[in-house]
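# Reading the structure
Each chain, written out:
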Amino acid sequence: MTAFDRRLEKIHKKRKTPATVRRRQLVLAEMIGAVVACVGGYLLFIDPVRRFEVNLTSKIIELMGIDRISGALGDSFVVFGPGLEPVVAEMTGSCSVWSSVLALAALAVVALRQRPQALTGFLAAAAFVLFANQIRLLGSLLAGRYFAVDALVFFHDWIGAVLNFAYTLIGLLIMIGLTMYDAQRAEQDRAGRHTADRPAAWARPGLGHRVPLDLTDEEQRDSGLQIAAVVHRRILPKAISRRLAKRREQRRIDYRVGHETPARRAAIIRELAAKGLGVHTATLLAVASYETDPLVLDALAGAVAERQWEPVAGADVIALRLWARAWLMRAPRERTVAETGRLIAVTGAGGPAGVAVIRALQAAGDHVLALDANPDAVGLRLAGRSAVLPRADHEGYAAALLAAFDEHQPAALICTVAEEYAAIAPLVGVLDHMGVRTWLPDPAAAELCLDKVAFATTMHAAGVPHPATAWTAATAGQVPGPWVVKPARGRGSRDVIMVDDPADLDHAFAAVPGAIVQTRLPGREFTADVLIGRDGTLLACVPRWRDETRGGISTRGTTFESRAVTEVVTATLRAVRQTGPANVQGFVADTGEVTVVEVNPRFSGGLPLTLAAGADVVGTYLAGILDPSATLPPAGFQPGVRMARHFAEVYYAADGTPIPDPLDPVSSSVPNFPSASPAAFPSAPAAFPQAPAVGRPGHAEAVGHAAATGAVAVAR
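Please read these numbers as outputs of a predicted model, since none were measured by experiment. (Residues numbered from 1 in each chain as written. Predicted model: local features only at pLDDT ≥ 70, side-chain atom pairs only at ≥ 80, totals over all residues. Heavy atoms only, no water.)

### Thoughts on the overall build of the chain
How we decide: Each helix is a run of DSSP H or I of at least 4 residues and each strand a run of E of at least 2, with the numbering of both proceeding from the N terminus. Residue exposure (1.4 Å probe, protein chains only): buried if accessible area is under 20% of the type maximum, exposed if over 50%, otherwise partly exposed. The contact criterion used throughout is that any non-hydrogen atoms of two residues lie within 4.5 Å.
The helix and strand tally for the chain stands at 25 helices and 19 strands. Relative to its 716 residues, the chain shows a buried fraction of 43%. If you take every contact in the chain between residues at least 6 apart in sequence, the share linking residues at least 24 apart comes to 66%.

### Overview of the pairing of strand 2 (residues 76–80)
Regular strands have side chains that alternate between both faces of the sheet. What counts, and what does not: At least two DSSP bridges between two strands are required for those strands to pair.
Judged by how many residues are buried, strand 2 sits mostly within the fold: four of five residues are covered. Pairing of strand 2 with strand 3 (residues 86–90) involves five bridges; the strand directions are antiparallel. Each bridged residue has a counterpart across the sheet, and for Ser76 the counterpart in strand 3 is Glu90.

### Quick look at the sheet that holds strand 2
Defined as follows: Axes, fitted as lines to C-alpha atoms, cover a helix only where it is in contact. Angles between the N-to-C directions of the axes lie from 0 to 180 degrees.
Pairing in this open sheet of three strands is antiparallel, and the strands run 1-2-3 from one edge to the other. The open sheet has two edge strands with one neighbour each: strand 1 (69–70) and strand 3. As defined by bridge partners, strand 1 adjoins strand 2 across two bridges and the pair is classed as antiparallel. Considered in strand 2, the bridge of Ile69 is made with Val79. Where helix 4 (residues 118–146) meets the sheet, it contacts strand 1 and strand 2, and its direction lies at approximately 30° from that of strand 2.

### Considering the nonpolar core
Note that soluble globular proteins tend to have their nonpolar side chains buried in a common cluster. Where we set the bar: Definition used in this section: a nonpolar core is a set of buried Ala, Val, Leu, Ile, Met, Phe, Trp, Tyr and Cys residues joined via side-chain atoms within 4.5 Å.
Judged by nonpolar contacts, the single largest core of 35 residues is most densely connected at Val357, Ile358, Leu361, Ile414, Phe603, Val617 and Val618. Sorting the residues of this core by element identifies strand 4 (343–346), helix 13 (352–363), strand 5 (367–372), helix 14 (379–382), strand 7 (412–414), strand 13 (538–550) and helix 24 (617–626) as the ones contributing at least two each. If you tally residues by element for this core, the top one is helix 13, at seven residues. Once you skip the residues sitting within four places of it in the chain, Leu361 turns out to touch Ile344, Val346, Asp366, Val368, Ile414, Val618 and Leu622.

### Concerning the sheet that holds strand 16 (residues 594–600)
An order of 16-15-12-13-14-17 is seen for the six strands of this open sheet, with the pairing classed as antiparallel. In this open sheet, the two strands that pair with only one neighbour each are strand 16 and strand 17 (642–644). Between one strand and the next, the sheet's axes are offset by a mean angle of 35°, whatever the strand orientation. In the sheet, strand 15 (residues 580–588) pairs with strand 16 via six bridges, with the strands oriented antiparallel. Its bridge partner lying in strand 16, Gln585 is registered against Glu598. Against the sheet, helix 22 (residues 563–576) engages strand 12 (524–532), strand 13, strand 15 and strand 16, with an angle of about 45° to strand 16. Helix-sheet contacts for helix 24 involve strand 12, strand 13 and strand 15, and the interaxial angle to strand 12 is about 30°.

### Here's the deal with helix 15 (residues 397–408)
Going by this rule: Take the residue count of a helix, subtract one, and multiply by 1.5 Å to get its expected span. Relevant arc is that of directions from the helix axis to the C-beta atoms, nothing else.
With twelve residues, helix 15 extends 17 Å between its outermost C-alpha atoms, agreeing within 8% with the 16 Å of an ideal straight helix rising 1.5 Å per residue. Among all positions in helix 15, only Tyr397, Leu401, Ala404, Phe405 and His408 are buried. One side of helix 15 carries all its buried residues, which in axial view fall inside an arc of 95°. With respect to the buried face of helix 15, the exposed residues turned more than 90 degrees away are Ala399, Asp406 and Glu407. Looking at the buried positions of helix 15, the neighbouring elements they touch are strand 4, strand 5, strand 6 (385–388), strand 7, helix 16 (421–424) and helix 17 (428–434). Positive backbone phi, at 55°, marks Gln409, one or two positions downstream of helix 15.

### Comments concerning a nonpolar patch on the surface
Here is the rule we go by: Patches here are clusters of residues that have more than 30% relative accessible area and form no salt bridge, with a 9 Å joining cutoff for like charges and a 5 Å cutoff for nonpolar side chains (Val, Leu, Ile, Met, Phe, Trp, Tyr). For the area figures, the Shrake-Rupley method with a 1.4 Å probe applies, and any residue is considered shielded solely by the protein chains shown. Salt bridges are counted wherever a side-chain nitrogen of Lys or Arg sits within 4 Å of a carboxyl oxygen of Asp or Glu.
On the surface, Phe154, Trp158, Ile159 and Leu163 cluster together to form a nonpolar patch covering roughly 420 Å² of accessible area. Counting through the fold element by element, Trp158 comes out in helix 5 (residues 149–180).

### What about the packing of aromatic side chains?
Rule in force here: Here the aromatic set is Phe, Tyr and Trp, taking the six-membered ring for Trp, and pairing holds for ring centres within 6.5 Å; pairs whose planes are under 30 degrees apart are stacked, those over 60 apart are edge-to-face, and all others are tilted.
Scanning the entire structure with this criterion turns up five aromatic pairs. Relative to Trp327, the ring of Trp323 lies with its centre 5.9 Å away and its plane at 15°, an arrangement referred to as stacked. Placement of both Trp323 and Trp327 in helix 12 (residues 315–329) is noted, with a separation of four residues, approximately one turn of the helix. The exposure classification of Trp323 matches that of Trp327, with both residues buried. Between Trp439 and Tyr621, the ring centres sit 5.1 Å apart and the planes meet at 40°, which makes this aromatic pair tilted. Remark: Tyr621 occurs in helix 24 and Trp439 occurs in the loop between helix 17 and helix 18 (443–450); sequence separation between them is 182 residues. One exposure class covers both Trp439 and Tyr621, and it is buried. Feature note: the residues Trp439, Phe603 and Tyr621 constitute an aromatic cluster, connected by ring pairs.

### Quick notes on the confidence of the model for the chain
For the record, the criterion: As a per-residue quantity, pLDDT reports the predictor's confidence and falls between 0 and 100.
Scored by pLDDT, the chain has a mean of 77; 78% of the residues are at 70 or more. Within the chain, no element has a lower average pLDDT than helix 25 (residues 699–708), which sits at 34, and none a higher one than strand 7, at 94. Low pLDDT, under 50, characterises residues 183–215; the stretch is placed with 82 contacts to residues that sit more than four places away or in other chains. In this model, residues 217–223 is a region of pLDDT below 50 whose contacts with residues beyond four sequence positions or in other chains number one contact.

### Comments concerning the packing of helix 9 (residues 262–274) against helix 10 (residues 281–290)
If you want to describe how two helices pack, look at the angle between their axes and the distance between the axes. Stated precisely, the cut-off is as follows: If an angle is under 35 degrees, it is roughly parallel; if it is over 145, roughly antiparallel; if it lies from 65 to 115, roughly perpendicular; otherwise it is oblique. Helix crossings are classified by the rotation of the near helix relative to the far one: an anticlockwise turn of less than a right angle makes the crossing left-handed, while a clockwise turn makes it right-handed. For this scheme, ten residues count as nonpolar: Ala, Val, Leu, Ile, Met, Phe, Trp, Tyr, Cys and Pro. Four count as charged, namely Asp, Glu, Lys and Arg, and the remainder, Gly too, count as polar.
Running from amino to carboxyl end, helix 9 crosses helix 10 at an angle of 140°, the nearest separation of the two axes being 10 Å. As the angle between them shows, helix 9 and helix 10 are arranged oblique. The hand of the helix 9/helix 10 crossing is left-handed. In this structure, helix 9 uses Ile269, Leu272 and Ala273 to contact helix 10, whose residues at the interface are Thr283, Leu284 and Val287. Class assignment for the residues of the contact of helix 9 with helix 10 results in five nonpolar, one polar and no charged.

### Observations concerning the side chain of Thr438
With respect to the helices and strands, the residue Thr438 is situated in the loop between helix 17 and helix 18. Exposure remark for Thr438: the relative accessible area of 14% places this residue in the buried category. Residues in contact with Thr438, not counting those within four places in the same chain, are Leu413, Val428, Leu431, Arg534 and Ile625.

In structure tokens:
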């Protein structure tokens, strides 16, 4: 390049106006125009606005029935003080709301005019400012009317000035809040272009992740100092910086899909992936990193797997494909049942019955919303979705339950806690309107089962074999021994005392709160899992021996068939008018006589044995919930099926993040041990090569394992 060419290029650069300078000139012109408009509008319209405000204030005072204040002068008030001395209070321009309204209008036109809600926000702010200024004027006039002229001046000039500043500022915030709101605050526009504007130090997989740009050295020098990047790189500890970045990224997912239900989120993810993995890569990576619902993650992994034919568009797409491969291949077991797409809510997720119902629904292809009052309930970790509610006797239970259903939109509710029936029964109409189907027993029938005194009375009146029962200290000695002393309202064998010596009976009766005394029956203890149709038809009756129990829960049992047991159980439930699920406990004497001890109007903790014996009482009950008019088929079972129970653990961090099971071969492996062939172990995904997951370490395997971890977990 010659010296002449270099000089021409230098002259051309000097004549070239940078875009920043043009932008500054445009902003300056807009500011000057706004000032001119405000001044002109003030001079033209201040007098009509003053008269309008005086007239409005006079009408309000007239409606309030206050005398000695008049706006007859048009632009001033005549106020008669406590001594009837007249004072003319002029409505000056500084007293008017017009200057505040003009300022808000200028801001709306200059800064917010491209927002579709700008006019709505301005009108709402102007209405608020007018209302607040009327309060200010009324306060000043009433101070002069009831106190003195000095009080009017003090209130108007000092207190009124503070109020003027406050309501103008609040009006500005109202306008900004209504104008800046956007229900689709996506970090990508509909064409897939990234619109995030945040420090490059925070550019990581997630919503708003910006594709690195090939900047020239001159552009990099002109980029300027990024304060947030310096703070995160040089000042904040790395742990805090990572925590803030993680929380920011987690929230970014809400901008696009986080406010939707899981089913809708899954549909949106499929739509985004169908446009190409390279179009909405940032959004898909954010879902892979921070989504916790298995339904959505399954949808994402499946959508990515379906588009393996696309050419690789960059490192982000590679990371997304590796995550999807790891998610699909690390699943503990391959599903053999098609998903129904339904979401079923289950209460009592921390109890054995709740856990059994959750697992039965998942095995049938349903998704589960687990509900429990204990935030550490194991069922909350087994289900795909969960919510913590207050206890059923808490005044906020109904509101919390409806809020959870409004958020997750389940199709049906299965209650495994009988004490919750009374709280849920009044909500049946509301739940039905929300699309949540229910099948609850008659509250009176449930109360008969829960109150052992009322149950004993009902059994004796119906002629159903039941042990002799007393519920007062005076009659306790009339019950033949040996005895069992227990609460009249209780569950789980809590506060149960076995008494053999008559001398200990009074002490045991006094030690148990609300006690009853019954004859301790001889023979073999059984429980019958029963399902009664809405019309009283016996749909299923599966008796099982309670070979071993712990804490009132059967840990070893065997199903058996007995016509005598079935007849007594049927008579028992007919006497209490129970419908839906129930479990009946009793004894079979050596002579073959069957005696019923109690009825729980819900699924039992030993439900897995009934399901294993072939009686799908959960599926039948759910079918009756979803279609009350359906004819439900009777459920048979296989006698002689035995059950041996064990503990199973679920691990999670303090924030609820699932932690992989160290004893599960899916998420851990034995070093230097040869992998089994897929033919010998078809369900052993640990033999597959491991791929790095995006986001939290162990997220994919932890969530997948937590959703399918076995048995009854901590609840025995």
